[in-house]
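# A look at the structure
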Amino acid sequence: MATVSNPMAIGLASYGLYAPATIISPSYRKPPWKSSYKYLRIRAVQGNDGRQRLIDIIRIIPELSRNYFRSRSRRALFGGIALLGGFYVAQTISLSFGVLAVNDVIAAVVCVLLTEYVTKFYYSRPKVTFPIALLNNFKMGFTYGLFIDAFKLAS
């Protein structure tokens, strides 16, 4: 039996979702270095009758994502992506409503309500989880983008 070189496939193997591929030559014991779809196969087996439903595969996704985000570097990377995503959305909203000059006041009210709701949601929690922190990072990028756009309009 072959070993799996893909870390995602290793996580799937612990849940019985990986069917190991056979290797032609038994003397070749190292895992393949190429990333190929044929090495990442999902085998739907479980328990008694050897069948697994799709919902069982979907239920393990939160645990797989928790294991993926244990690394501080990955959390920092996705936090930065959320911050820059908020900045991008703010610039896009500001540009689109500024060019059209229609419903500027309504867009501003929606933006303020969005940021206030996320702030209330973030600070009302006794424990901040990673998805809530990502939402707060998005809000910070959004607010920063609106401030930068206001400075561009003032000059």
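Computed from a prediction, not measured in an experiment: that's the story for all the values here.

Quick look at the packing of helix H5 (residues 104-123) against helix H6 (residues 130-154) now. It is at 10 Å that the axes of H5 and H6 come closest, and there the two elements cross at 145 degrees. With respect to the hand of their crossing, H5 and H6 are arranged in left-handed fashion. The residues of H6 that touch H5, namely those facing Cys111, Leu114, Thr115, Val118, Thr119, Phe121 and Tyr122, are Ile132, Ala133, Leu135, Asn136, Lys139, Phe142, Thr143 and Leu146.

Right, let's get into the packing of aromatic side chains. Any two aromatic rings considered together are summarised by their centre-to-centre distance and by the angle between their planes. Taken as a whole and judged by the stated rule, the model has seven aromatic pairs. Seen from their ring centres, Tyr117 and Phe121 are 6.3 Å apart, and the 20 degrees between their planes marks the pair as stacked. Of the two residues, Tyr117 and Phe121 both sit in helix H5, four residues apart, roughly one turn of that helix. What makes Phe121 partly exposed here is its relative accessible area of 24%. With a centroid separation of 4.8 Å and an interplanar angle of 90 degrees, the aromatic rings of Tyr122 and Tyr123 are classed as edge-to-face.

Moving on: the pattern of salt bridges. This structure, assessed with the given rule, holds two salt bridges. Between Arg59 and Asp56 there is a salt bridge, with the nearest N and O atoms lying 3.6 Å from each other. In this pair, Arg59 and Asp56 both sit in helix H2 (residues 54-59), three residues apart, roughly one turn of the helix. The partner of Lys152 in a salt bridge is Asp149, and the shortest N-O contact between them spans 3.6 Å. With Lys152 and Asp149 both in helix H6 and three residues apart, this pair spans about one turn of that helix. We classify Lys152 as partly exposed; its relative accessible area is 47%.

A few words on the environment of Arg75. Locating Arg75 in the fold gives a position in helix H4 (residues 72-100). Here Arg75 falls in the partly exposed class, since its relative accessible area comes to 33%. Separated by 59 residues in the primary sequence, Arg75 and Leu134 place their C-alpha atoms 9.0 Å from one another. Once you skip the residues sitting within four places of it in the chain, Arg75 turns out to touch Phe69, Arg70 and Phe130.

Thresholds, definitions, all that
- Residues numbered from 1 in each chain as written.
- Predicted model: local features only at pLDDT ≥ 70, side-chain atom pairs only at ≥ 80, totals over all residues.
- Heavy atoms only, no water.
- Axes fitted to C-alpha atoms, helices over the stretch in contact; angles between N-to-C directions.
- Helix = DSSP H or I, 4+ residues; strand = E, 2+ residues; numbered from the N terminus.
- Left-handed = near helix turned anticlockwise from the far one by under 90°.
- Contact = heavy atoms within 4.5 Å.
- Phe/Tyr/Trp six-rings, centres within 6.5 Å; stacked < 30°, edge-to-face > 60°.
- Buried < 20%, exposed > 50% of the residue type's maximum accessible area, 1.4 Å probe, protein only.
- Salt bridge = Lys/Arg side-chain N within 4 Å of Asp/Glu carboxyl O.

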